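# Results of the structural survey
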Amino acid sequence: MNSQDILKKARQEKNDEHEEHIKVKAFHIGWLSVSAVMLFLIIFRSIYNESAIDIIMILMTQTAAVSFYQYFNIRDKKSYLFAGIISTIAVLLSLAALLSQYGVY
């Protein structure tokens, strides 16, 4: 196979590395933006003595999911496992606090 055939075959493939890189970067930028808004809402609610448990639970759920995914794909990094466990505990505590706030628990 000569270089022209390789180039032609690469152009025909549907997986474009540049497009994948842009999608990953867009996801990161999107998540950073959402995190910034969530942190703003947590601070804003705390200033007015309102509960932000629901927002914290959403933030910790995302952190746990990302940490566990990273740990399962990169087993030698125990910090991902630690972050996932801590985030899961935070989710469970937030859920208990939220249920208590509504009088369910």
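Residues numbered from 1 in each chain as written. Predicted model: local features only at pLDDT ≥ 70, side-chain atom pairs only at ≥ 80, totals over all residues. Heavy atoms only, no water.

## Structural notes on the overall build of the chain
- On a plain count of helices and strands, the chain comes out with 4 helices and 0 strands.
- Listed N to C, the secondary structure of the chain is α-α-α-α in terms of helices and strands.
- Relative to the 2.2 N^0.38 estimate, which gives 13 Å for 105 residues, the radius of gyration of the chain is 21 Å and therefore markedly larger than a compact globule would have.
- Viewed in the frame of its principal axes, the chain has a C-alpha envelope of about 70 × 30 × 25 Å.
- Residues counted as buried form 15% of the 105 residues belonging to the chain. (Helix = DSSP H or I, 4+ residues; strand = E, 2+ residues; numbered from the N terminus. Rg over C-alpha atoms; globule rule 2.2 N^0.38 Å. Buried < 20%, exposed > 50% of the residue type's maximum accessible area, 1.4 Å probe, protein only.)

## Details of the packing of aromatic side chains
- Considering all chains together, one arrives at 4 aromatic pairs under this definition.
- Through pairs of rings, three or more aromatic residues link up here, namely F40, F44 and Y48. (Phe/Tyr/Trp six-rings, centres within 6.5 Å; stacked < 30°, edge-to-face > 60°.)

## Brief notes about a nonpolar patch on the surface
- A contiguous nonpolar surface patch, about 730 Å² in accessible area, is contributed by V37, F40, L41, I43, F44, I47 and Y48.
- Structurally, I43 is set in helix α2 (residues 17-47). (Patch = residues over 30% accessible without salt bridge, like charges linked within 9 Å, V, L, I, M, F, W, Y side chains within 5 Å. Areas by Shrake-Rupley, 256 points an atom, 1.4 Å probe, with all protein chains shown as cover. Salt bridge = Lys/Arg side-chain N within 4 Å of Asp/Glu carboxyl O.)

## Focus on the packing of helix α3 (residues 53-73) against helix α4 (residues 78-101)
- Packing of α3 against α4 leaves a shortest axis separation of 8 Å and a crossing angle of 155°. Considering the angle they form, α3 stands roughly antiparallel to α4. Here the hand of the crossing between α3 and α4 comes out left-handed.
- Of the residues contributing to the contact of α3 with α4, the split by class is 16 nonpolar, 9 polar and 1 charged. (Axes fitted to C-alpha atoms, helices over the stretch in contact; angles between N-to-C directions. Parallel < 35°, antiparallel > 145°, perpendicular 65-115°, else oblique. Left-handed = near helix turned anticlockwise from the far one by under 90°. Nonpolar A, V, L, I, M, F, W, Y, C, P; charged D, E, K, R; others polar.)

## Some remarks on unusual backbone geometry
- Unlike most non-glycine residues, N49 shows phi in positive territory, near 55°.
- For N49, the location among the structural elements is in the loop between α2 and α3.

## Section: the nonpolar core
- M38, I42, A52, I55 and L59 form the largest nonpolar core, which has 5 residues in total.
- Secondary structure elements with two or more residues in this core: α2 and α3.
- With residues near it in sequence (within four places) discarded, A52 still touches I42 and R45. (Core = buried A, V, L, I, M, F, W, Y, C linked by side-chain atoms within 4.5 Å. Contact = heavy atoms within 4.5 Å.)

## A word on the pattern of salt bridges
- Evaluated as defined, the whole model comprises 3 salt bridges.
- K23 is the partner of E19 in a salt bridge, and the nearest nitrogen-oxygen pair spans 3.7 Å. Of this pair, E19 and K23 both sit in helix α2, separated by 4 residues, roughly a single helical turn.
- A relative accessible area of 47% means that K23 is categorised as partly exposed.
- In this structure, E20 and K23 form a salt bridge, with 4.0 Å as the shortest nitrogen-oxygen distance. Of the two residues, E20 and K23 are both situated in helix α2; the distance of 3 residues between them amounts to about one turn of the helix.
- By relative accessible area, which is 39% here, E20 ends up partly exposed.
- Connected via shared salt-bridge partners are E19, E20 and K23.

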